[in-house]
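The primary structure of each chain is shown beneath.
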Amino acid sequence: MIRVSDTYDPLLNRPFSICYADSSHNTIAVVYQVVGKGTLMLSREKPGDSLAISHPLGRGFPVRQSERTMPILLGGGIGIAPLLSIFSTNRSFAEKARVFWGIRGKADFFDFKMVDESLSGLPLSLSSEDGTIGEKGTVLELFLARVHDIRDLNVAPIVYACGPTEMLRPLSRICHDQKIELYVSLETRMACGTGYCLGCSVPSSEGKYLRTCREGPVFNAASLSWEQIHECH
Amino acid sequence: MNVIDLSTEISGLQFSSPLMTASGTAGYGKEFLQAPCPSLGAFVTKGISLKPRKGNPPPRVCETSCGLLNAIGLENIGLEAFLNEILPFFSGENPPLIVNIFGESTQEIVEIASRLSKHQAVKALELNVSCPNVRAGGIAFGKDARILSALIRDVKSKASQPVWVKLTPSVNDIAVIAKAAEEAGADAITVANSYTGIAVDIEREEYCLGNITGGLTGPAIKPLSQYAVWQVVKEVRVPVIASGGCASARDALEYFLLGARAVQIGTMALVNPSIFDEILDGLEEFFKRRGIPSLNNWIGRLK
Ligand SMILES: Cc1cc2nc3c(=O)[nH]c(=O)nc-3n(C[C@H](O)[C@H](O)[C@H](O)COP(=O)(O)OP(=O)(O)OC[C@H]3O[C@@H](n4cnc5c(N)ncnc54)[C@H](O)[C@@H]3O)c2cc1C
Ligand SMILES: Cc1cc2nc3c(=O)[nH]c(=O)nc-3n(C[C@H](O)[C@H](O)[C@H](O)COP(=O)(O)O)c2cc1C
Ligand code: FES
């Protein structure tokens, strides 16, 4: 959670994912998109300014150490940011990863090198909806076109995804049908980010509510009730 | 003059600090009190009902100008889980425990009160009367002086601890309700709760909250809650605990000047977890600067 202002408007801290953490230099990187008041204020901070942040909160992507698994990162838009974090938490596992990234158009693109030098040269498959960069189409189309090739390698794909609900919902169906393990990082409105307000609840497949900030934001897709999950506005 | 006395007394209980958590903004205590919080005078729990409650469909929160609109729907683990999983955790090391309770019928609320009255760790009950009374056609207990009086009498007859009554500000005349609560035996009055509001999204042409209506809290409501405190302190002799928009030592000092004996901090503690320490330091600094020896010398000075 980042406090974007010292005033009461905007009042609440804003949730962001850690995109990259470098423990040797004690730094973290956050990549964000300006969508409103808070992110606009954040974008006006200058190098050297200080910000109140609380971190790390919630649960990140689980890592499966096995020869037979292949991590697949599937990001929609700015949703690529949390996925890249596995390169800083478990490099040897992440080394085997395939990265699929879908954006609307060229304007949304950024070079991962800007986050950390070590992220350059990742095996990235890129798509854009308007075709101005990478393959034309959605990231799901891109993924579906490649999933059989991956299967042929005789490895078990494990998918890590983050993006709009309209991307995650069909993805959860695809992975369910194809028996692929899927972990998603969800976005909901949040007030505290620390588990106290119960404002960030998402419906679970067991008919309960789970807190995105505590039990998530990364969930096993099978634990969620997707019909009841809506786009975060 | 070195040490400022910031202690306060409410319903026969002595608190080392006049700051408390506000119900629903710090959980049940087990997690929140993992780190010691000496600046906290008392810990007020999330509202507990007889049976667990699932709460409202999302989205449950929405930010508005200087405020937070919430429709959590009183989700909670229920009395049974509270007694088994939370209460054993509380010991003398922790700040005094105040349990916020509510229900949809008098019977339900009285049962919670009588079961909690067996537990010494529970220092007082805070009765949230903003919840609709299902038997009485759904009108909130706290909106009708007669219904409220009857409820308080029944709870008082079963509770061994002091009963604090937390009023809803969504009434015509809060002073009348407060007076009725006092006459029925309330040992203290918390003024007040959130204000009902809505928010709409013009792009999607939708309501912002899943429940449509929610409760407005945070700095936006401070002048309204201060008005309510001002009205109530004139009417009753029992201690008044303030709740609404407290964000700084200055805000707390305003409430004390109006006559509140303690202040609960909710929304701003969600934003800044170290707010209790900061406010207590600020109170001490202010009283030192002004040469005022104790909080008690300040409370209610504005007539
Ligand atoms: C767990 C989590 C991790 C996140 N990680 C990142 C990240 O790494 N990078 C990043 O850029 N953003 C991330 N977000 C989203 C980010 O928190 C919001 O974009 C931000 O809070 C918007 O604040 P604002 O004041 O600029 O916008 P507001 O003024 O609050 O809102 C303006 C408009 O922005 C849109 N908006 C607001 N919140 C969200 C949201 N959560 N998701 C989508 N649209 C929204 C809505 O259309 C809204 O009307 C994350 C959210 C969550 C819950
Ligand atoms: C997320 C949230 C949950 C709340 N839950 C409860 C509750 O369970 N019982 C209750 O009496 N008040 C509840 N309240 C009201 C607060 O205790 C407090 O009275 C109100 O927020 C006003 O104070 P504030 O402006 O400091 O937040 C809740 C408030 C918030 C923001
Ligand atoms: S944001 Fe408050 S509980 Fe998750």
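A. Up close: the sheet that holds strand β6 (residues 135–136) of chain A. All names here are of chain A. Sheet architecture is open: seven strands sit in the order β6-β5-β4-β3-β7-β8-β11, paired in mixed fashion. Two strands close off the open sheet at either side, each with one partner strand: β6 and β11 (218–220). Of the pairings in the sheet, the one linking strand β7 (residues 156–162) to strand β8 (residues 181–185) comprises five bridges and is parallel in character. Paired with tyrosine 160 across the strands is tyrosine 183, a residue of β8. Contacting β3 (69–76), β4 (98–103), β5 (124–128), β6 and β7, helix α5 (residues 139–152) runs over the sheet at an angle of about 160° to β4.

B. Up close: helix α6 (residues 165–177) of chain A. Residue and element names in this part refer to chain A. Spanning 13 residues, α6 covers 18 Å between terminal C-alpha atoms, matching the ideal 18 Å at 1.5 Å per step. Looking at α6, one finds that the buried residues are Thr165, Met167, Leu168, Leu171, Ser172, Ile174 and Cys175. Downstream of α6 by a residue or two, lysine 179 has a phi angle that is positive, lying close to 55°.

C. Quick peek at the site of ligand 1. The immediate surroundings of ligand 1 are formed by 22 residues, with Pro15, Gln33, Gly38, Thr39 and Glu187 of chain A found nearest. Close to ligand 1, residues of chains A and B are found. Backbone polar atom of glycine 36 of chain A to an oxygen atom of ligand 1: 3.1 Å apart, as the coordinates give it. Looking at the shell around ligand 1, the element that brings in the most residues is helix α1 (residues 37–43) of chain A, giving three residues. Residue classes in the shell around ligand 1 are distributed as 11 nonpolar, seven polar and four charged.

D. Structural detail: the interface of chain A and chain B. Every contact between the two is made by 24 residues of chain A and, on the other side, 33 residues of chain B. Both sides of the chain A and chain B interface together cover about 2500 Å² of buried area, and 59% of this is carbon and sulfur. Three residues, Leu11, Tyr196 and Tyr209 of chain A, lead the burial of chain A against chain B; their summed loss comes to 29% of the area buried on that side. There are two salt bridges connecting chain A and chain B. In this structure, glutamate 31 of chain B engages arginine 214 of chain A in a salt bridge whose closest nitrogen and oxygen atoms are separated by 3.6 Å. Put simply, chain A and chain B have 11 residue pairs in polar contact (both at pLDDT 80 or more) between them. Broken down by secondary-structure element, the contributors of at least two residues to the side of chain A that touches chain B are β9 (201–203) and β10 (209–211) of chain A. Along the lines of polarity and charge, the residues of the side of chain A that touches chain B split into 12 nonpolar, five polar and seven charged.

E. Representation of the site of ligand 2 in the model. As a structural note, the neighbourhood of ligand 2 is formed by 23 residues, with Ser23, Lys166, Ser243, Gly245 and Thr267 of chain B the closest of them. With respect to ligand 2, its neighbouring residues span chains A and B. Take asparagine 100 of chain B: an N or O atom from its side chain is 3.1 Å from an oxygen atom of ligand 2. Between an oxygen atom of ligand 2 and a side-chain N or O atom of asparagine 193 of chain B, the distance comes to 3.4 Å.

F. Quick look at the packing of helix α5 (residues 222–235) of chain B against helix α6 (residues 249–258) of chain B. Residues and elements named next belong to chain B. Direction vectors running N to C along α5 and α6 enclose 20°, while the axes themselves pass 9 Å from each other. Between α5 and α6, the crossing angle belongs to the class labelled roughly parallel. Crossing handedness for the pair α5 and α6: right-handed. Contact with α5, carried on its side by Lys222, Ser225, Gln226, Val229, Trp230 and Val233, involves Asp251, Glu254, Tyr255 and Leu258 of α6 and no other residues of that element. For the contact of α5 with α6, the residue count by class is five nonpolar, two polar and three charged.

G. Just unusual backbone geometry, in detail. Here the residue pair aspartate 9 of chain A and proline 10 of chain A is connected by a cis peptide bond, since its omega of 5° sits within 30 degrees of zero. In this model, proline 58 of chain B is joined to proline 59 of chain B through a cis peptide bond whose omega is -5°. As for its position among the elements, proline 59 of chain B is in the loop between β4 (43–44) and β5 (61–64). One non-glycine residue, asparagine 154 of chain A, lies in positive phi territory at about 60°. Within the secondary structure, asparagine 154 of chain A sits in the loop between α5 and β7. Unlike most non-glycine residues, glutamate 205 of chain B shows phi in positive territory, near 50°.

H. Examining the sheet that holds strand β15 (residues 240–243) of chain B more closely. All names here are of chain B. Ordered in space as β3-β16-β15-β10-β9-β8-β7-β4, the eight strands form an open sheet in which the pairing is parallel. Edge positions in the open sheet fall to β3 (19–21) and β4, since each of these has one partner strand only. Relative to strand β7 (residues 97–101), β4 runs parallel, the two being bridged by two bridges. Bridge pairing links valine 44 to isoleucine 98 in β7. Most of the contacts of α5 go to β15, to which it runs at about 170°, and overall it touches β10 (188–191) and β15. Seen against the sheet, helix α8 (residues 275–290) touches β3 and β16 (262–265) and runs at an angle of roughly 165° to β3.

Procedures and definitions
Residues numbered from 1 in each chain as written. Chains lettered and ligands numbered in written order. Predicted model: local features only at pLDDT ≥ 70, side-chain atom pairs only at ≥ 80, totals over all residues. Heavy atoms only, no water. Pairing = 2+ DSSP bridges. Helix = DSSP H or I, 4+ residues; strand = E, 2+ residues; numbered from the N terminus. Contact = heavy atoms within 4.5 Å. Axes fitted to C-alpha atoms, helices over the stretch in contact; angles between N-to-C directions. Expected span 1.5 Å × (residues − 1). Buried < 20%, exposed > 50% of the residue type's maximum accessible area, 1.4 Å probe, protein only. Near = heavy atom within 4 Å. Polar contact = N/O pair within 3.5 Å; in protein donor to acceptor, adjacent residues only side chain to side chain. Nonpolar A, V, L, I, M, F, W, Y, C, P; charged D, E, K, R; others polar. Buried area = accessible area lost by both parts, 1.4 Å probe. Salt bridge = Lys/Arg side-chain N within 4 Å of Asp/Glu carboxyl O. Parallel < 35°, antiparallel > 145°, perpendicular 65-115°, else oblique. Left-handed = near helix turned anticlockwise from the far one by under 90°.

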